[in-house]
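# Structural features, examined
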Amino acid sequence: MGQTLIELKNISKTFPGVKALENIGFSIDSGEIHALIGENGAGKSTLIKILSGVYQPDSGGQIILGGRVVESLTPLEALQSEIAVIYQDFSLFPNLSVMENIALEQSVKNNDNLVDWKAMERISRDALDQLGISLDLNTILGDLSIAKQQLVAIARSLANNARLLILDEPTSSLSKNEVRKLFDIMHSLKNKGMALLFISHKIDELFAISDKFTILRDGKYIGTYGEDELDDEQLISLMVGRKIEYTIYPKNKRTEPLLEVRGFSKKGNFRDINFTLHKGEILGLTGLVGAGRTEVAQAIFGLNPADEGTLLLDGKEIINSTPNDAVKAGFSFVPENRLQEGLVLSKSIEDNISLTMLDALSGKSSLINLKKRKELTRNWMEKMDIRPNIPEMITSKLSGGNQQRVVISKWLATDPKVLIVDEPTNGIDIGAKSGIHQLLRDLAEKGLGIIIISSELPEILAIADRVAVMRRGRIITEFFCENITQEDIMSKAL
Amino acid sequence: MKTKLLKIKELPIILILIVISIIISVANPAFMTLENFLDILKSNLVLAIMSMGMLMVMLTGGIDVSVSSVITAVAVITGYSLMHWSSNLLFTILVAVLSGTVMGLFNGLLIAKLKIPPIVATLGTMSVILGLVLYITNGTWMTGIPEKFIDFGRKKLITFPTGDGKALGIPIQFLFLLVAVLATWFILRKTVIGRGIYAIGGNRDSAERMGFKPDRIIIFVYAFEGFLIGLAAVAHTSIMRQVDPNAFLGFEMQVIAAVVLGGASVLGGYGSILGTLIGVSLFCVINNGLILMHIPTFWQKIVVGLIIIGSISIDMTQKKRTERNKTRVDVE
Amino acid sequence: MKPELKRRLKSKEAVLFLIFVVIFVFMSILSPTRFLSLYNLQSMAYQLPEFGILALSMMIVIITGGINLSVTYTATLAMIIGGFAMSHMFAGGSSAGLSVLVGIILMLAGSLACGAFNGYVIAYIGVTPMLATLGAMTFFEGISLQVTRGGAISGFPIEFIKIGNTAVLGIPVPMIIFLFVLATVYLFLERSRMGATLYMIGSNPKVTRYSGINVRKNLFITYLIASLLAGIAGILMASRYNSAKESYGSSYLLQAVSAAVLGGTSIAGGEGKVIGTVIAVLIIQVISSGLNIIGLNRYLTNVVMGLILIVVLTINFLTREKQFRNN
């Protein structure tokens, strides 16, 4: 192992209402591949953003970099300190050549007026040579496969003399073969003395390549372990061993089928999906991010129709080729990204709640009955305890929990048969979370069929009756949610 | 490998150009003559020069509908300068490019600094500039351009002997086009700001993170467009030998159509000089063909409109298809 | 009730109305005999409807996050198609009533066809409204020229001309039509379910689609309705000018955008009140008539109109910045 490259001490980050990181402290050495592990929401992304200077940590912490002690980094300082992050979207230019994507940054940084194509060619060729790959430098980036684009992103950070390379879920959209190649390259970079911080959910990959593991859980530092100090099971239990205890609701076995999904397949999304949702049941759909959960939900809701397969509602075949069809048939969908897909943020609570109900509120005249609309809004705001109790309030000003309640109200108002909720408690504080759990459970008791997608296993175990586990676009197994542990589910999902 | 790829990219439109040329020359043999080609060149020089500026604007994801009013204004200023100040060629060019650049700068500031959508901002400046020009000229032609300048406009770069004693030649104004193309090429290809134009068109956030200043680049692009319009105005005035304030009504549509036809994406980031020049040629050949085939000139507008909508529709449909077929999950 | 009243007085529309009053008084003082003359007030009352209807048409489109640069050429293509049929039928011996009826129906149908064209390209192919309507503008102009051969179509029955030039109980017929359109557009945008949908589409089309609403269909219908309004404006213009020509009303394009923006419609979509647009239409009409009366060159009026648009957008930008900084 090399010497310490970067050391973090007491790093915390507070967002309004949420403590995202709490007293994180560990160090990364040159010439090591360091895995950063944790479930969704454990604080990994926040930590990366602090390392790359996008976020400033709370005061009181220290970042020790090459002997220098600072409280925080700016993006420029991070670059100058030779820290490079490769995000999942790579931050590249699809319309520029491979060469420019790798080397243009140098010219901008040097404040050059003219482009030195020869130098760019040299820099980019050097970078690609270091990676031991050959790419045509003049190919337009957008014409390359995702895997090759990723290599270009890595080459770019080499050209910028990065000494710490942070890879955010680099394998999530690669095939097995491509992952192997990436690992070879990571190994060779490590042997050249570079430090790599590697973020992944996939346990087999983590063990295949990492020298050290740092585990985060709920924003807290759990520990740093050498690769020989842990096995998969221990790692999983450290990851999932949450302290937070949700109320565990009693599980019911239901028999009356409500929704049957038969042989759903879509190229590049999912394959041969089969499951049944019963009346009054909450069915969990889990798996790693990128396993195809959201894609299946969107297919059912007509947003991303399947190539083949059938959908039976109450035993009758239906076809949801648009969300409009789905809503008419009695489906509701609370999307994962509340801010971009769930709410019209610039509009009021009333506008948002009544959005799905415009037909019912207007009747034959097609003019909206304003009194009825006000009543509907008041009614739901009261029922869902949305605060502040001001229907004209612009939804961007509400807290996350209240925003989610508005989205759910909008759907419950349609009196649906099937409610699909995708990560319903993402970014919501703990009190509001249990509130939403209680609400979903109550709805199920009234006979609604609910599909909940969640990466948070305790949540699934707390409120779902059954859980289907997805991996790489397929449903691997189903559990009845009694007497099973998070580890049981995790070991299937990985 | 490099040249091979470049060729492939512009190949479809080159093929279309060839096919259409063949169709027209079958319909009217007068098409495939040197005289006709020189004619096309002369009457479309201005369009070609202006297409270079519009290409740059569209590369940043913008658009400029004020170009026709800007060239009218510059032509009027140039005409006035020729008649009242000096008929010196260099001075005239200086006046023209300066006034063009100032007007372009104004557009750039509105768009970059005040964040007004390009279409709305340039619609506003179009109305202001054209109104002023028509007020000052009262819409009438300016004649009386000094002989010295007219003589310059008559010059030929290269002449070709013809059988019947007429002298055919490449007009001197071709130099302006050459300068415009070379300048655009130099900026886009050789300067960092030129690559920045592509970069902000491709991924504005990343470009900013990388250290480019999008606002400055956008202002530069509109100013440079104004500069090129200045050149175009001098070329135009020396060809027409008078200034007609109504000559360019609706001309912005032709410029946009030619650039879009040349493969530039309206969303920014994609488009090349070669492609644009071929697009301009294709556009000119179609127009020339309509005339040679005695199709009423009104059809020209219909063709322009359909070209714009058609090219972009094809672009959009392809984009949607790739989006739909994108692999989201590596299915086992 | 009191705070409600206070809020209303402080609203954008109230401020706008105050600006209108100030400009009106200013113009009256500047030229009391001519600006306040019955002739001028009447001529404004005949001109305002066509402009007002075009502005409302533009506003509807802008609310969905679009723009319609072909709005005036939709109006003129519609009037040319209908006018062509009307004058030919009339000349061919058909009764005036039938000719007018067929003419008007064809004008409305023509505008709907233009709307369907734009709507299809924008909603179903996905071309940005700016470029689709920019292309359509030239396309419609070309077709119009193809029909008129560059001239104007005339020879309409007197019954048709009366629409734009007579008054009932002292109120000009165009004004009656405008008030009717205004009421309908108000009910449509601010009271109907489709109107509510359009505001949501303009604010966030994705969320609206995720809420089970057929965004494409709604957008398509929007362009149909907006173009139908343009067609009505076309009928009024053709009737008032006693002829049909492709260039009629082309200066209304910029003024229609200005009126919508000045009236508080957000150029980004999702916001805007009908009453705001109407007051802005009044302001612009008073300015343009006033400038005409004090003898300002009509070209300079265009300059003023362009400046209004730029200044209003600049003020919008500055207030947005200020709000942003205050937050």
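Criteria and thresholds
Residues numbered from 1 in each chain as written. Chains lettered and ligands numbered in written order. Predicted model: local features only at pLDDT ≥ 70, side-chain atom pairs only at ≥ 80, totals over all residues. Heavy atoms only, no water. Helix = DSSP H or I, 4+ residues; strand = E, 2+ residues; numbered from the N terminus. Rg over C-alpha atoms; globule rule 2.2 N^0.38 Å. Buried < 20%, exposed > 50% of the residue type's maximum accessible area, 1.4 Å probe, protein only. Contact = heavy atoms within 4.5 Å. Buried area = accessible area lost by both parts, 1.4 Å probe. Salt bridge = Lys/Arg side-chain N within 4 Å of Asp/Glu carboxyl O. Polar contact = N/O pair within 3.5 Å; in protein donor to acceptor, adjacent residues only side chain to side chain. Nonpolar A, V, L, I, M, F, W, Y, C, P; charged D, E, K, R; others polar. Phe/Tyr/Trp six-rings, centres within 6.5 Å; stacked < 30°, edge-to-face > 60°. Lys NZ or Arg CZ within 6 Å of the ring centre and 35° of its normal. Patch = residues over 30% accessible without salt bridge, like charges linked within 9 Å, V, L, I, M, F, W, Y side chains within 5 Å. Areas by Shrake-Rupley, 256 points an atom, 1.4 Å probe, with all protein chains shown as cover. Pairing = 2+ DSSP bridges. Axes fitted to C-alpha atoms, helices over the stretch in contact; angles between N-to-C directions. pLDDT = per-residue confidence, 0-100. Expected span 1.5 Å × (residues − 1). Arc of directions from axis to C-beta.

In this section: the overall build of chain A. Of regular secondary structure, chain A possesses 18 helices and 20 strands. Expected size for 494 residues packed as a compact globule is a radius of gyration near 23 Å; at 25 Å, chain A falls within 12% of this value. In terms of its C-alpha atoms, chain A occupies a principal-axis envelope of roughly 70 × 50 × 50 Å. When each of the 494 residues of chain A is scored for burial, the buried share is 59%.

Of the residues lining the interface, 43 residues belong to chain C; the matching set on chain B comes to 40 residues. Between chain C and chain B, roughly 3,500 Å² of surface is buried when both sides are summed, and carbon and sulfur atoms account for 82% of that area. Of all residues in chain C, C:Leu131, C:Tyr299 and C:Ile310 bury the most surface against chain B, accounting for 16% of the area lost on that side. Where chain C touches chain B, the interface holds one salt bridge. Ionic pairing is found between B:Lys301 and C:Glu141, a salt bridge with its closest N-O pair at 3.1 Å. Linking chain C with chain B are five residue pairs in polar contact (both at pLDDT 80 or more).

So, about the interface of chain A and chain C. Contact residues are listed per partner, giving 29 residues for chain A and 21 residues for chain C. Between chain A and chain C the total buried area reaches about 2,100 Å² when both faces are included, carbon and sulfur atoms providing 60% of it. Contact with chain C buries area across many residues of chain A, yet A:Glu341, A:Lys347 and A:Leu355 alone supply 24% of it, more than any other trio. Of the charged contacts, one joins C:Lys206 and A:Glu341 as a salt bridge, the two residues approaching to 3.4 Å between their closest N and O atoms. Where the side of chain A that touches chain C is concerned, the elements lending two or more residues are helix H10 (323-329), helix H11 (338-342), helix H12 (349-354), helix H13 (358-362) and helix H15 (400-412) of chain A. For the side of chain A that touches chain C, a count of residues per class yields 14 nonpolar, 10 polar and five charged.

Once that is clear, we can look at the packing of aromatic side chains. In total, this model carries 25 aromatic pairs over all chains according to the counting rule given. Seen in terms of ring centroids, C:Phe20 and C:Phe24 are 5.8 Å apart; in terms of plane orientation they differ by 50°. Their pairing is tilted. Of this pair, C:Phe20 and C:Phe24 both sit in helix H2 (residues 12-30), separated by four residues, roughly a single helical turn. Classification of C:Phe20 as buried rests on a relative accessible area of 12%. Its guanidinium or amino end placed over the ring of A:Trp380, A:Lys383 lies 4.2 Å from that ring's centre, counting from NZ or CZ. Here the basic side chain of B:Arg189 rests over the ring of A:Trp117, its NZ or CZ set 3.8 Å away from the ring centre.

Taken together, the side chains of A:Leu114, B:Leu157, B:Ile158, B:Leu175, B:Leu178, B:Leu182, B:Trp185 and B:Phe186 make up a nonpolar region of the molecular surface, amounting to roughly 710 Å² of accessible area. When contributions to the nonpolar patch are tallied by element, the ones reaching two or more residues are strand E1 (156-161) and helix H7 (174-190) of chain B. Looking at which element gives the most residues to the nonpolar patch, the answer is H7(B), with five residues. Along the polypeptide, B:Leu175 turns up in helix H7. You can call B:Leu175 partly exposed: its relative accessible area is 38%.

Glancing now at the sheet that holds strand E13 (residues 282-287) of chain A. Residue and element names in this part refer to chain A. Read across the sheet, six strands follow the order E16-E17-E18-E13-E19-E20 without closing on themselves; strand pairing throughout is mixed. Edge strands, defined here as strands with exactly one partner in the open sheet, are strand E16 (331-334) and strand E20 (474-480). If you compare each strand with its neighbour and ignore which way they point, the axes differ by 20° on average. Alignment of E13 against strand E19 (residues 466-471), held across five bridges, turns out to be parallel. Of the residues in E19, the one forming a bridge with Leu 285 is Ala 468. Contacting E13, E16, strand E17 (418-422), strand E18 (449-453) and E19, helix H9 (residues 293-300) crosses the sheet at an angle of about 150° to E18. Where H15 meets the sheet, its contacts fall on E16 and E17, and the angle it forms with E16 comes to roughly 170°.

Structurally, A:Lys347 is set in the loop between H11 and H12. A polar side-chain atom of A:Lys347 sits 2.6 Å from the main-chain carbonyl oxygen of C:Gly270.

Before going further, it helps to examine the confidence of the model for chain A. When pLDDT is averaged along chain A, the result is 87, and 98% of the positions lie at 70 or above. When the elements of chain A are averaged for pLDDT, helix H2 (residues 75-80) of chain A gives the smallest value, 71, and E16(A) the largest, 96.

On to H7(B). All names here are of chain B. With 17 residues, H7 should cover 24 Å at 1.5 Å per step; its first-to-last C-alpha distance of 23 Å lies within 8% of that length. Of the positions making up H7, those classed as buried are Phe 176, Leu 177, Ala 180, Val 181, Thr 184, Ile 187 and Leu 188. In an axial view of H7, the angular spread of the buried residues amounts to 135°, which keeps them on one side of the axis. Looking at the buried positions of H7, the neighbouring elements they touch are helix H2 (34-59), helix H4 (89-112), helix H6 (147-154), helix H8 (192-202), helix H10 (214-240) and helix H12 (273-292).

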